[in-house]
Every structure is written in C-alpha cells, then in structure tokens.
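# Observations on the model geometry
Residue-level listing of the chains:
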Amino acid sequence: MSVARRALQSVTLYRPDKTYNGFTLFTPMTPRPSNVWLIDMQGRFVHRWQLPGWVRLRAQLLPNGNLLFGLLHEDEADASLVRLPFYAGEVDEMDWDGNIVWQYKEPLMDAHDQVRMKNGNTLIQKYVEVPEDIAVKVKGGVPGSEAPAWGISLEGREVAMLGYALQEISPEGKVVWEWLTYEHLDPELDSISPPQRRVLWPGWNSLVELPDGNIMTCSFSTDNIIIIDKATGDIKWRWGQGQIFMPHNPSMLDNGNILVLDNGRGRPVGPGHSRVIEFNPETNEIEWAFEEENPVNFDTSYIGGCERLPNGNTLICEGERGRFFEVTASGEMVWEYVVPFYAGEEWMWYGRYSNATFRCHRYGPDYPGLQGKKLDPEKLDLWNRLYGPDAFAPYGRPSMGGMERTPIMEEEEPSVRKEPEAKEEPRPSVVRPEQKAPSAAKKGEKVRTRLQRLGY
Amino acid sequence: MVISQRDLPPLRYYDFKKAYNGYTLFAPLGGRNVWLMDMMGRFVHRWEMPYTPGIHGRLLPNGNLLYAGKDPNGPVPDFGGSGGFLLEVDWDGNVVWEYADPYLSHDFFRMDNGNTMVLKWTPIPEEVAAKIKGGIPGTERNGVIWSDVLHEINPKGEVIWEWLAYEHFDPDIDVICPLCIRDRWGQANACYVMPDGNIIVSYAFMSQIQIVEKSTGNIIWRWGHGDYGEGRRLGFQHNPTFLDNGNILLFDNGRHRPIAPDYSRVIEINPKTNEVEWEYKADPPPDFYSAFIGGAQRLPNGNTLICEGPKGRFFEVTPTCEIVWEYISPFYYRYARFGTTNMTFRAYRYGPEYPGLKGTGLDDVNLIYGPEAFESISRAMPGLSITEESQQTPGAGGKGPGTAKKEERLRSRMKGLGY
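Values in this document were obtained by computation on a predicted structure and should not be read as measured data.

### Notes on the overall build of chain B
Within chain B one finds 7 helices and 30 strands. Within chain B, the proportion of its 419 residues that are buried is 54%. Of the contacts formed within chain B by residues at least 6 apart in sequence, a portion of 52% connects residues at least 24 apart.

Following this line, the structure appears as structure tokens:
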C-alpha cells in the first residue's frame, strides 16, 4: 500500500451544513467472518453486527430494522463455485441484536444482490448452466476464458458458461417465480465485453425492483443495464454498451432518471477513471455526472456503488479503495470516509492490505428501520478508540489501524532537537559545506555519535 | 483532488538508510519547468523551457539537459505524447543543440556515438493499412492509420538511419488490442538503444515490446504479444530499459488487461528465457495504477524508482518491494482532456557521482550522505508533519523566528525560482 494512501483513515472531511446527515452502513469485504458496521457522520461506530460467516459483498438495512445479506460459510462452500469472489450459499435476515430471523439456503446462489420486494418476497440470483448451443453463440469476451479455464463447474458437471435463474422466494421458502437469463438475453445485443471472462453471461451485480414492479439489473460482463417486464418476462429496455464500462449499482430516481456508477474498466480512451452518471432512460442522454477534478483520483475498476440521497446529494463508494464520499449536486465533496479495516491475509487479487468495500448505504435518522434503535457510540467504545476518528491523527502519524508498522522512521534524537530553532530551519537549497554554522564542530560530534548508533 | 490526500506534504516518506540518495529530475506535464530536487523534496535546480514537455527530459552524462518539447501547432496535436522539438541545454539553460520535427513522439535516446535516436509518427499507406487487424472498428483517424518511425539523428541534425515500423510489423502477430482505437498501429512510447546497438521499442496499443536489430531492421524479439487471452502478459506498457544483468525492466500499466482488477506493476524480464524474474505491484494491487503513462528506473544500489504518472507520484522500492521513498508532485495544471492533474511522464534519479552533475556543486557526496544531510533529515522527518509554512510553497521549508535576513534571502531565491 502506498504511503500516501495509508496516511489518512476514518472521516477526513465533514461539512455538516451541506451533508445529508445520517448513518452509513458498510461491510468490509476482506476480513472474515464479516462485521457489518453502522457509523455516524463523524465516523464513530454506533452499531455492529457480527456475522456467522462471510458476507462476500454487502448487507442492507431493511425498513423493518433487520439486515439482509448473502452469506458464505466457507466450510460448507462448493469447492468450485467458491472461486467466484461473489458466490454465497444462502440469504439471511438478521435482527438488530444479531439473531437470524429468516434464512433461505441455495447452494448455487450468487451473492451480488438480494432484493426484499414490496410483497415481502425476496429476489435472488442463482447460477444455472447456459446450454451449450447458446453458449457458443454468445459473442465477445476474452477468448478461451470459459468456465473450465477458471476451474468452475456446476454441481460437479463441467459447464462452458454460467447464467442466472432470477428467482422470487416467498417467506416460506418457495420459489414462486423464475426467469432464466439465457432464454431472454440476445447473444449479440448482450455480448460479453472484451476484457471479461466468458464465465458469466450475464454478470449481474445489481437487482432493483422498480416502482411499477418491473426489475432492473446491471451486468458487469455485458456492460449494460436491462429492465425486465415482470408480467411478460420480456426485456423491455437495455442500454449501456459502448457508453458505460463495467457498470455497477443502478438505481431509479424519483424523476425517472437512472443513476449508475460507470467504473470505466476497459474504456478505450481517457486517463483510466470512474464516474457516476444520471441519465434519462427515455432519451439515453446523460443529465448529470460526477468525476474528479483530477479524474484518476476516483477510480474503482471492479466494484463500487452510488446512491442519491433525499437532499439531492450523492453518496459514492469507491469500492476498491474502501473510500466513501458524498458530493452535492454541483459536485462539491462534503463528506469523506476511508475504511480502516484490512484483511491482513492474502485473498485472491485483493492483497493483504485491502480495505475494499462493495457498497455503502446512508440511512437518515427518520429511516423506519432505525426507529427505536439505540445508536450509541459508547457501547462500542473500544472499537471507537482503536478505529474511530480519534484513532487517526490527521497529519504526520499515519497508521494502518495496527495492521502494519507505522511509516515514520527513526525516533528523533533529543540531542538534535535541542538545537536553537533558528538553526533548524530547512534551507531552500542544498547546504554548501562552507556555509556550515559556527557551532559545527560541536554539532558534528553529536551527529557523528548519532550516525554511529544508526550503523554508519 | 481526493480530500484524504490533499493536505499531506509532497514528501510522504523517506528512509535514508535504504534509499538510493541522489537528485530526482522531472518535468511536470503542462508546465515549462524541469525540476531537480534532493531527497527531501527541496528543489536544487530548475530549467525553464520554451515549450511544455513533449514529453520529458533527461540529464545527460555531459551535464546538459536533453528535453523534448511539444509543438502546440503540430500536425498530430491530439495524439498523446506528441513532441516537435528536441533541445539540449546546458546547466544554465543555454541551448547548445536543437532539432525540430513536427512528427516527433514520446521518447529519444542519446547514443554513445553522439547521435540521437528518436521516435516519430507517420501515416501508413492504404494498402498496408488494409491488412491491419484488431482495434475498435471504424476508429481510424479520418480513415487513416498512423504508425511509428525510428530516426537516428547525427549532431548536424541529419537523419542517418530510418526504420518504418509498418514495413516490419507482421499483421498476424502485431495486432491492435481490441479495446484500443484503430488510429495507430503500435503507438511507440519508448525507444532504448542497447549496448549492442539494437533497439528496444515499446508499443502501447499492441501491449508488446520488441527488439529491432539495427543492422537488418528485423524484429528479433517480441514479448507480450499474442491473442487477447488470459495469457496476455502486458497492458499498455511503458519505459523498457536494458539492465546490466541483461534483463529488461519495464512499467506494465495494466490498462486493457483481460480480467479485473486494473493495476500496474513493474517487471524485470529475462529476454533469453522470457520469464519474469522480478515484479513489483502494490498491496492491494489497485493502489498502484497508472493507465497511460509512467516509468521505472533501476538504480545503482538495486532499488527501483517508479513514476506513477497520472497521480504525479514517484516512489522508490527495494528489491524486496519495500517503499523507501515517496513523493507526490505539487505541480498541478489544467487540461481539457485530463482535468486538473499533476501528471508526469517519467522521473529520473541521479546520484551525486553521476558524471552530469560534476562541477555543478551537487556532486559533493557530503550533501547527500554527509552529517549535514542526515541532520536536516532528522530535523524534518519526525514531522513529515505539515506546518503552515511548508504547506504554502514547495521547497520553501519552514521559517524560524527572528531570521528576517534569512527570510529575505530565501524570498529572493524563491523569486529566482519563479514563485
């Protein structure tokens, strides 16, 4: 990890008059078993859920106050599918105190997204095999990168390509509706984008139930967003190829526009950056966009999210860097948080020191799911002292939250420090030997001792 | 700029026991200054040039600066890395040699015989262009595809050797990356003349490096080529250099690499076995990512100086991949295409024993290794912390109380440096 990046953590910016004040929920991806954290605007932990397994991607707070998440128990995991960094075997609902109140086990479930629908059912996405005659017709992707090349099989069978069954699960655990991707997607219109493996067609990372009951999904492998007509099963709208690259987390706004994170991975031109765009699905025109002043400073190639807040601000999760920030409609940054939790062990491409986080969510104090809940930083006092905002001095004392040695080098020697201040002034240019201060002899002696101690 | 990084001082880290102590040369893109600074980030010399970089400068062993300047009215203005002028200036900034060609691109190399190898662009004849494979269909530049040329220029400014890439490329092997635009076949961004006279050339749009045999013009070695499969090894790489051990060091940007995530790495390849013998990448890997520029230099003590171009971040790593020095350029410029950035194409480190620094006053090893140097380091390091003063102007340092005279001197010096 670069020294520059590890220098600051927790909340690094907060403009209370301009933010949408509330509580932010996030789940660091790499430490396991997972913890789900709720922080206030100052970065203090106000609630923590300890989970019995690994939330590969994200958890969400339901309006009833429970958490909903996809969970992986590594000891029970399918040895082949676990290679997919977004595989999970079950979906759980957990109450405020950590009791699992609902569970649905599906050994072939993808963890990317679960949706609690208005009717109380739950939408999940489950891996299915794309029939071989269809798989060969699918265009695009990295040549020769079908499932066997990654060691992926389905229930012990070798398959070329995985697709999804979109399933609606009733509270009793019955599948009440199913939609198969390979029956509806078009091998040409929904071709796999060039830098993606030919393993998943599509690679859904979002499921959204729209107000009219239709379902919007977003695929990182085919670079597009589609809307599925729930009644007929047809794909009634699709957009994105050639416009957005490895997109994540679309949401439908009240004005009818769609907000989405355009990760930008594989974009042919530009400096290699991400942006958040709001576009009108009727005209496909981009009506609002956020990118950094120096575009490369906001770049998350493979994960991340964005959500429009009630006051018009946008909360953005720069996933691979574990950084969340809130921007106003004019693009001004008003809040920023850097996740202080790191894996500490090697896992896939994430490295040892990854604080990657798939998405974050902001809930206002009026959110139904937070009513009557005790949001008290005191109860997590130890965590707040170790990883809260006060644990990270703003300058000079960078920290890795205890994961790594501090990058400050030698302890300073009192003998050198005691010199009169005027002499301590760093010079604008290199000091020539003849410019040595008169007290150089004495000083020289001290420095020599110090150097000797340092091994010179 | 990312808030969490904005308020930190340019020098982020310095371990003087492990670093290769010397001076760092860099030319911020968009500006007209070439800066030489010491390990503490204090500027010790500045050249002001008549042109913005096109796209970097190097300190020659004779003490002159060889600098490629950008011709703003050139015929290929929106090809990244376009140049136009090569200037050799002495320590005081007097022009001692000059070469102009509006088609110059990216890189140059001063050879031992005094000649200069340069890269430039040329449009490809239609019948050759028709055979080129790959790239995004229909993205030719007004129907034309350009390619690269090597020119060897003698001190009189005459072209004494020419090599046209499109005459030697094999359309079946040298395929444009499927995610790149089809207006350039190759996009050479580096040429390095090896001791045997052959030339290493790096082609970003093909994610491939090649060695051109000087005597025959044949391409005698390729690395990174192949289809766009999982085995593809390079992505938009930059800055190959030939090392004393016979290996090639290069900056692999990782752009358009198949399979997520995006990250850069610096690798050392053995051209005999085609094996990667050393690799630096960050932990987590996306922490070090430069999509389109960047450089790597092997230092005499075995460390490697890396330039993460778009972020203006220079850092030095040991062979065990430990960061021992890190600096972020404080020079920001506004670009229509890239926003406000401190991007820098490459950075070079020169030790006090470098021949080009002889007689400049910077060749005294005591400045870098002597007690005075360590003393100033130990003064500044406990801080590395920001003070009001050091925040305002890079290189100015703090101001002590009651030192009006010193401050006056400092101010006049700063003025001289163009602040």
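### A look at the overall build of chain A
When its secondary structure is counted, chain A shows 6 helices and 27 strands. Once local pairs closer than 6 in sequence are excluded, the contacts in chain A between residues at least 24 apart make up 54%.

### Some points on the nonpolar core
Within the largest apolar cluster, 111 residues are counted, with the highest numbers of intra-cluster contacts made by Leu25(B), Cys191(B), Ile199(B) and Val201(B). No other element matches the 5 residues that strand E16 (residues 188-193) of chain B contributes to this core. With 98 residues, the next largest nonpolar core counts Leu67(A), Leu123(A), Met161(A) and Phe290(A) among its residues.

### Section: unusual backbone geometry
Residue Arg32(A) is joined to Pro33(A) through a cis peptide bond whose omega torsion reads -5°. Here Trp201(A) and Pro202(A) are connected by a cis peptide whose omega angle stands at 0°. Even without a glycine there, the phi angle at His256(B) is positive, about 60°. Tracing the sequence through the fold places His256(B) in the loop between strand E21 (248-252) and strand E22 (265-270).

### Thoughts on the sheet that holds strand E6 (residues 65-70) of chain B
Residue and element names in this part refer to chain B. The strand order across the open sheet formed by 4 strands is E5-E6-E7-E8, and the pairing between neighbours is antiparallel. Pairing within the sheet leaves two strands with one partner each, and these edge strands are strand E5 (53-59) and strand E8 (95-100). Averaged over all pairs of adjacent strands, the angle between strand axes in this sheet comes to 15°, irrespective of strand direction. Two elements, E5 and E6, share 4 bridges in a ladder whose sense is antiparallel. Paired with Gly 57 across the bridge in E6 is Tyr 67.

### Looking at the sheet that holds strand E19 (residues 219-223) of chain B
Residues and elements named next belong to chain B. Taken together, the 4 strands give an open sheet; going across it, the order is E16-E17-E18-E19, and neighbouring strands pair in antiparallel fashion. What marks the edges here is a single partner per strand, and that holds for E16 and E19. Pairs of neighbouring strands in the sheet enclose a mean axial angle of 20°, with direction left out of account. Strand direction decides the pairing type here: E16 and strand E17 (residues 199-203), joined by 5 bridges, are antiparallel. Looking at the pairing, Tyr 192 lines up with Ile 200 of E17.

### A few points about the pairing of strand E14 (residues 176-181) of chain B
Along any regular strand, the residues point their side chains to alternate faces of the sheet. Residues and elements named next belong to chain B. Counting buried residues in E14 gives 5 out of 6 residues, a clear majority hidden from the surface. As paired strands, strand E11 (residues 134-136) and E14 are joined by 2 bridges and run parallel to one another. By the bridge assignment, Ile 136 is partnered in E14 with Ile 181.

### Regarding the confidence of the model for chain A
The predicted coordinates should not be examined in detail at positions where pLDDT is low. For chain A, mean pLDDT is 86; residues scoring 70 or higher make up 84% of the total. For residues 395-438 of chain A, every residue scores under 50 in pLDDT, and the model assigns this stretch 83 contacts once sequence neighbours within four places are set aside.

### A short note on the environment of Gly134(B)
All names here are of chain B. Residue position: Gly 134 is located in strand E11. Its 19 C-beta neighbours within 10 Å are what place Gly 134 among the partly exposed residues. The spacing of Gly 134 and Leu 36 is 98 residues in sequence and 42 Å in space, taken between C-alpha atoms. Once residues lying within four places of it in the same chain are set aside, the contact partners of Gly 134 are Val 175, Ile 176, Cys 177 and Pro 178.

Parameters and conventions
- Residues numbered from 1 in each chain as written.
- Chains lettered and ligands numbered in written order.
- Predicted model: local features only at pLDDT ≥ 70, side-chain atom pairs only at ≥ 80, totals over all residues.
- Helix = DSSP H or I, 4+ residues; strand = E, 2+ residues; numbered from the N terminus.
- Buried ≥ 20, exposed ≤ 12 C-beta atoms within 10 Å, placed from the backbone.
- Contact = placed C-beta atoms within 7 Å.
- Core = buried A, V, L, I, M, F, W, Y, C linked by C-beta atoms within 7 Å.
- Pairing = 2+ DSSP bridges.
- Axes fitted to C-alpha atoms, helices over the stretch in contact; angles between N-to-C directions.
- pLDDT = per-residue confidence, 0-100.

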